[in-house]
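The primary structure of each chain is shown beneath.
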Amino acid sequence: MSTAKNILITGGAGFIGSNIAKKLLNRGYSITVLDNLSEQIHGKNPEASFLFQSISGKVNFIKGDVVNRNDWLKALQGQDAVIHLAAETGTGQSMYQIEKYSNVNIGGTALLLDILANNKNHGIKKMIVASSRSIYGEGRYRCAIHGEVYPKTRSEENLSKGKFDCICPVCGSDVTLLATHEESKIQPESVYAITKYNQEQLFIVAGKSLDIPAVAFRYQNVYGPGQSLSNPYTGILSIFSTQIKNNKPINIFEDGKESRDFVFIDDVVDATIAGLENDKANYNSYNVGSGAPVNVLTVVEKLLELYQSKTKVSVSGNFRLGDIRHNYADLTRISNDLKFAPKYSFEEGIQKFINWVNSQEIVQSNYSGSLSELKERGLFK
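Given the structure is predicted, the values throughout are model-derived calculations rather than measurements. (Residues numbered from 1 in each chain as written. Predicted model: local features only at pLDDT ≥ 70, side-chain atom pairs only at ≥ 80, totals over all residues. Heavy atoms only, no water.)

1. Regarding the overall build of the protein chain
For step 1, the next point in the chain: The helix and strand inventory of the protein chain stands at 14 helices and 16 strands.
For step 2, the next point in the chain: Viewed in the frame of its principal axes, the protein chain has a C-alpha envelope of about 60 × 50 × 40 Å.
For step 3, the next point in the chain: Counting every position in the protein chain, which comprises 381 residues, the buried fraction comes to 55%.
For step 4, the next point in the chain: Counting contacts in the protein chain only where the partners sit at least 6 residues apart, residues at least 24 apart contribute 84% of the total. (Helix = DSSP H or I, 4+ residues; strand = E, 2+ residues; numbered from the N terminus. Buried < 20%, exposed > 50% of the residue type's maximum accessible area, 1.4 Å probe, protein only. Contact = heavy atoms within 4.5 Å.)

Structure below.
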């Protein structure tokens with residue numbers, strides 16, 4: 001990839017995409033961005049958003065959509081590689097916007113690959129696609145009796161009784177959380193997760209057929225400066241921060257002990273660029289995370305401390321159907337192949353995130369509205 005200098009980033013005005021674009025610009029690449037400037041991410045005046053302004057005038061920007069063939073054809077002209085990040089995100093929302101998520105995530109990806117398969121004059125030499133940790137579902141555990149196991153979706157009956165932890169799918173006994181590696185069982189529990197795995201499969205399979213090296217990155221919970229503060233459907237650090245800034249209470253679901261692997265945006269950028277530039281990554285899928293779980297109670301406590309806030313917090317026992325209990329990444333493969341190691345601890349990353357939030361205007365919180373939507377559809381209890 002040393003000769004590939006023209007890079008197309010779909011969703012390049014988004015959180016991850018804009019940060020990748022800026023880093024590649026600093027490394028001497030020429031960047032084209034294809035983005036529809038979704039209101040859910042960028043707000044009602046998208047061209048004034050922090051994310052768009054961070055790349056405006058620095059990249060060749062095309063306002064367009066990945067479900068539009070002509071937009072793809074325009075964006076692909078003269079490009080050496082494509083980093084495909086454009087997607088609808090949000091596990092809960094995906095459960096009732098099924099057609100939209102499928103059309104954008106799967107259909108948009110298929111459209112790109114169809115163009116590459118039928119247009120021999122393109123110059124694409126490498127493809128990278130954003131996958132997600134959500135494809136693993138509940139992930140990997142150890143049972144004292146049955147060894148390594150992959151728990152099934154937690155039942156509404158157990159969740160309603162406050163039984164939040166996963167159990168062995170064979171004997172029903174308690175299990176111990178293990179890091180999820182790339183060979184772990186794939187068992188998506190949301191429409192969003194299904195679409196992300198389909199994107200990944202399409203890239204790898206079609207890439208081999210077309211002799212275009214392809215790489216998929218299974219991002220964990222990405223956070224950092226620039227993350228949308230107005231999107232109530234994804235990113236609990238942003239959601240909770242917006243609640244705090246609006247002096248609105250925080251409702252912690254389940255018992256607050258559910259955990260996620262929070263990975264700082266700069267680490268995600270470094271991992272993605274390593275995949276672009278290193279041929280050893282070709283036709284592989286990689287976890288990108290911090291390699292450590294942090295529970296939600298810890299997240300909230302840290303936010304309150306750093307914001308110096310006395311926002312009311314309740315551990316409600318509410319739950320969303322399809323949410324997983326725990327997940328964190330095994331980084332062995334990406335460490336071996338791409339020499340990637342996260343540079344930021346959660347404590348360092350969250351401080352940088354909060355410093356940025358404190359520099360922004362307070363945006364209206366739409367979180368309660370998003371929960372009402374889920375409740376109306378029987379997904380929030």
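2. Comments concerning the sheet that holds strand β1 (residues 6-10)
For step 1, the next point in the chain: Across the sheet, 7 strands lie side by side as β3-β2-β1-β4-β5-β9-β14; this open sheet has parallel pairing. A single partner strand is all that each edge strand has here, and the edge strands are β3 (60-63) and β14 (284-288). The sheet shows a mean angle of 20 degrees between the axes of neighbouring strands, direction not considered.
For step 2, the next point in the chain: Bridge count for β1 against strand β4 (residues 81-84) is 4 bridges, and the pairing is parallel. In the strand pairing of β4, Ile7 is matched with Ala81.
For step 3, the next point in the chain: Relative to the sheet, helix α8 (residues 191-210) contacts β4, β5 (126-132), β9 (214-219) and β14, its axis offset from that of β5 by approximately 160 degrees. (Pairing = 2+ DSSP bridges. Axes fitted to C-alpha atoms, helices over the stretch in contact; angles between N-to-C directions.)

3. Focus: the packing of helix α11 (residues 296-307) against helix α13 (residues 346-357)
For step 1, the next point in the chain: Running from amino to carboxyl end, α11 crosses α13 at an angle of 50 degrees, the nearest separation of the two axes being 11 Å. By the angle between their directions, the pair α11 and α13 is classed as oblique. Between α11 and α13 lies a crossing of right-handed hand. Residues Val299, Lys302, Leu303, Leu306 and Tyr307 of α11 pack against Phe346, Glu347, Ile350, Gln351, Phe353, Ile354 and Val357 of α13.
For step 2, the next point in the chain: Tallied by class, residues from the contact of α11 with α13 come to 9 nonpolar, 1 polar and 2 charged. (Parallel < 35°, antiparallel > 145°, perpendicular 65-115°, else oblique. Left-handed = near helix turned anticlockwise from the far one by under 90°. Nonpolar A, V, L, I, M, F, W, Y, C, P; charged D, E, K, R; others polar.)

4. Structural notes on the layout of surface pockets
For step 1, the next point in the chain: Empty space within the second largest pocket amounts to approximately 650 Å³.
For step 2, the next point in the chain: Around the second largest pocket, the lining comprises 24 residues; the ones closest to its centre are His42, Gly43, Lys44, Ser230 and Val363.
For step 3, the next point in the chain: Elements with a contribution of two residues or more to the lining of the second largest pocket: α2 (39-42) and α3 (50-55).
For step 4, the next point in the chain: When residues in the lining of the second largest pocket are grouped by element, the largest group, 4 residues, is from α2.
For step 5, the next point in the chain: Of the residues belonging to the lining of the second largest pocket, the class tally is 9 nonpolar, 12 polar and 3 charged. (1 Å grid on protein atoms, 1.4 Å probe; cavity = no way out; pocket = protein on both sides within 12 Å on 5 of 7 lines; lining within 4 Å. Points joined across faces, edges and corners; volume = space filled by probe spheres on them.)

5. Looking at the environment of Tyr96
For step 1, the next point in the chain: Looking at the element boundaries, Tyr96 is found in the loop between α5 (91-94) and α6 (98-118).
For step 2, the next point in the chain: C-alpha of Tyr96 to C-alpha of Ser56: the two residues are 40 residues apart in sequence and 34 Å apart in space.

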